[in-house]
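Commentary on secondary and tertiary structure
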Amino acid sequence: MELVQASGAATLPLNEIICGDCIEVMRALPEASVDLIFADPPYNLQLKSELHRPDNSRVDAVDDDWDRFASFEDYDRFTRDWLSAARRILKPNGAIWVIGSYHNIFRVGATLQSLGFWILNDVIWRKSNPMPNFRGKRLTNAHETLIWASREEGAKYTFNYEALKALNDGVQMRSDWVLPICTGHERLKGEDGSKAHPTQKPQALLHRVLVATTNPGDVVLDPFFGTGTTGAVAKMLGRDFIGIERDEGYVKLARRRIADVRRLDRAVLEVSSSRRAEPRVPFGQLVERGLLRPGEVLVSVSGKTAKVRADGTLVAQDVKGSIHQVGAALEGAPSCNGWTYWHFRRDGQAVPIDVLRQQIRAEMN
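Residues numbered from 1 in each chain as written. Predicted model: local features only at pLDDT ≥ 70, side-chain atom pairs only at ≥ 80, totals over all residues. Heavy atoms only, no water.

Of the regular secondary structure elements, the chain holds twelve helices and 16 strands. The buried share of the chain, taken over its 365 residues, is 45%. Sequence separation of 24 or more characterises 66% of the internal contacts of the chain that already satisfy a separation of 6 or more. (Helix = DSSP H or I, 4+ residues; strand = E, 2+ residues; numbered from the N terminus. Buried < 20%, exposed > 50% of the residue type's maximum accessible area, 1.4 Å probe, protein only. Contact = heavy atoms within 4.5 Å.)

Shown next as structure tokens:
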């Protein structure tokens with residue numbers, strides 16, 4: 001077990017699965033010590049009888065004791081208790097993901113808001129291969145809902161927008177995700193060949209969540225760890241995890257599973273970042289560094305020209321100001337990105353001044 005010093009004298013059991021009640025365990029962890037929580041709580045399915053297919057074979061549904069609650073009031077108390085414990089251990093810039101079905105997600109969402117969490121998005125996981133509705137009395141349940149929330153309104157949180165866009169073939173990621181349920185080689189089996197866990201989540205789902213809302217080295221906690229999908233993906237992606245699971249059988253399976261996971265090399269863990277996150281470089285710094293000289297003429301694609309001044313401003317005709325202000329004035333536009341608008345000449349070629357900015361950024365990094 002890897003113990004890391006957190007606030008005060010308490011320590012974090014990093015990359016460990018703790019067998020116990022999630023509420024008690026979270027209450028014992030240091031306050032404000034976790035970057036992200038991914039929670040797949042009991043759905044409280046309220047099954048009254050067994051499900052059967054048209055051929056009368058039994059459906060392997062969720063009928064475990066951990067999903068049974070005496071009433072909605074009992075479930076709401078349980079939800080409030082574990083979410084309160086979770087909020088206490090989240091860092092101020094931390095966030096939480098909770099996944100559920102129509103049986104519980106609306107009750108969970110209301111409790112999240114009443115405790116002070118701030119909902120950022122709800123995400124629909126549309127299953128490309130859902131289990132059919134065997135009774136034929138309702139629509140096929142082909143999706144689950146995830147709620148992503150920050151610790152409180154106005155809090156900062158991690159969101160790797162450009163990385164998600166890259167995952168989605170260069171298109172902005174939407175809030176409906178089409179992914180298959182866990183099947184095939186990924187599905188863990190018991191000694192009798194049956195599913196080891198009835199609601200094992202696919203690694204693709206956790207991969208997307210962790211790439212989107214954590215960074216390498218972050219601490220990810222899963223209070224309903226099950227067979228360890230969160231821990232397996234976190235380890236692979238260079239994140240630290242803490243798993244809490246009260247079923248000893250699931251804990252044993254998860255430990256064996258995660259032991260076989262190889263952490264990816266640091267070089268491949270870096271993801272695309274937003275330009276807004278890059279170091280700010282004033283245009284005047286290009287002049288100070290001698291990359292552009294006072295009096296040098298810049299030219300736009302449309303043929304407009306301006307001279308560089310010693311203080312990092314431009315002058316063109318009767319217009320003076322920043323690279324953005326002068327570009328906008330010459331084009332009669334409300335705004336202008338001067339870094340892509342203006343070019344300098346080298347060896348007879350027009351080169352965007354942004355090339356010089358990127359050169360300085362590379363040195364800074």
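Counting 35 residues, the largest nonpolar core has W97, L146, W177, L205, V209 and L210 as its most contacted members. When residues of this core are assigned to their parent elements, the largest contribution, six residues, is made by helix α5 (residues 203-213). In contact with L205, not counting residues within four places along its chain, are I99, W125, L146, W177 and L179. Within the second largest apolar cluster, 32 residues are counted, among which are V25, L29, A149 and F224. (Core = buried A, V, L, I, M, F, W, Y, C linked by side-chain atoms within 4.5 Å.)

Right, let's get into the sheet that holds strand β6 (residues 118-127). The strands making up a sheet associate through backbone hydrogen bonding, with each pair oriented either parallel or antiparallel. Read across the sheet, eight strands follow the order β3-β10-β9-β4-β5-β7-β6-β8 without closing on themselves; strand pairing throughout is mixed. Only two strands of the sheet have a single neighbouring strand rather than two, namely β3 (16-19) and β8 (176-179). The average undirected angle you get between the axes of adjacent strands in this sheet is 20 degrees. By the bridge criterion, four bridges tie β3 to strand β10 (residues 240-245) in an arrangement that is parallel. Of the residues in β10, the one forming a bridge with I18 is I244. Here α5 sits on the sheet and contacts β4 (34-39), β5 (90-100), β6, β7 (143-150), β8 and β9 (219-222); the angle it forms with β8, its principal contact strand, is near 140 degrees. Sheet strands touched by helix α7 (residues 248-259): β3 and β10. Its angle to β3, the strand with the most contacts, is close to 175 degrees. (Pairing = 2+ DSSP bridges. Axes fitted to C-alpha atoms, helices over the stretch in contact; angles between N-to-C directions.)

With that out of the way, let us pick up the packing of α5 against helix α6 (residues 229-236). The interhelical angle for the contact between α5 and α6, taken along N-to-C directions, is 55 degrees, at an axis separation of 9 Å. By the angle class used here, α5 and α6 are oblique. For α5 against α6, the interelement crossing comes out right-handed. The segment α5 lies against α6, with Q203, L206, H207 and L210 engaging T229, T230, V233, A234 and M236. Of the residues belonging to the contact of α5 with α6, the class tally is five nonpolar, four polar and no charged. (Parallel < 35°, antiparallel > 145°, perpendicular 65-115°, else oblique. Left-handed = near helix turned anticlockwise from the far one by under 90°. Nonpolar A, V, L, I, M, F, W, Y, C, P; charged D, E, K, R; others polar.)

Along the chain, the position of S101 falls in the loop between β5 and α3 (105-114). Taking relative accessible area as the criterion, S101 reaches 10% and is therefore assigned buried.

Attention now moves to the packing of aromatic side chains. The final tally for this structure, using the stated rule, is eleven aromatic pairs. Ring centres 5.1 Å apart and planes at 85 degrees place the aromatic pair W82 and F224 in the edge-to-face group. Of this pair, W82 sits in helix α2 (residues 72-89) while F224 sits in the loop between β9 and α6; the two residues are 142 residues apart in sequence, bridging distant segments of the chain. With a centroid separation of 5.4 Å and 90 degrees between ring planes, the pair formed by W148 and Y157 is classed as edge-to-face. What makes W148 buried here is its relative accessible area of 4%. Y157 gets classed as partly exposed once you look at its relative accessible area, which sits at 37%. Every member of this aromatic cluster is reached through a ring pair, and the members are W97, W148, Y157, F159, Y161 and W177. Taking NZ or CZ as reference, R87 lies 5.8 Å from the ring centre of F117, over its face. Over the ring of W125 we find K127; its NZ or CZ atom is 5.2 Å from the centre of that ring. (Phe/Tyr/Trp six-rings, centres within 6.5 Å; stacked < 30°, edge-to-face > 60°. Lys NZ or Arg CZ within 6 Å of the ring centre and 35° of its normal.)

The end-to-end C-alpha separation of α7 is 17 Å, in line with the 16 Å expected for twelve residues at 1.5 Å each. The complete set of buried residues in α7 reads Y250, V251, L253, A254, R257 and I258. The buried residues of α7 all sit within an arc of 165 degrees when viewed along its axis, so they share a single face. Of the residues in α7, the exposed ones pointing more than 90 degrees away from the buried face are E248, K252, R256 and A259. With a side-chain oxygen positioned 2.8 Å from the backbone nitrogen of G249, the residue opening α7 is D247. (Expected span 1.5 Å × (residues − 1). Arc of directions from axis to C-beta. Polar contact = N/O pair within 3.5 Å; in protein donor to acceptor, adjacent residues only side chain to side chain.)

Moving on: the sheet that holds strand β12 (residues 305-308). Strand order across the open sheet formed by six strands is β14-β13-β12-β11-β15-β16, with antiparallel pairing between neighbours. Both outer strands of the open sheet, β14 (319-321) and β16 (349-352), are each paired with one neighbouring strand and no more. Recorded for the sheet is a direction-independent mean angle of 35 degrees between the axes of neighbouring strands. Seen against the sheet, helix α10 (residues 323-331) touches β11 (297-300), β12, β13 (314-316), β14 and β15 (342-346) and runs at an angle of roughly 155 degrees to β14.

In this section: the pairing of β12. The pairing of β11 with β12 spans three bridges and is antiparallel. Each bridged residue has a counterpart across the sheet, and for V299 the counterpart in β12 is T305. Hairpin geometry of β11 and β12 is characterised by an intervening segment of four residues between the two adjacent antiparallel strands and by a positive phi of about 95 degrees at G303. Of the strand pairs in this sheet, β12 and β13 are connected by two bridges, and their pairing is antiparallel. Considered in β13, the bridge of K307 is made with V315. Taking the residues that link successive antiparallel strands as the turn, the β12-β13 hairpin has five residues, and the phi of G312 there is positive, at about 85 degrees.

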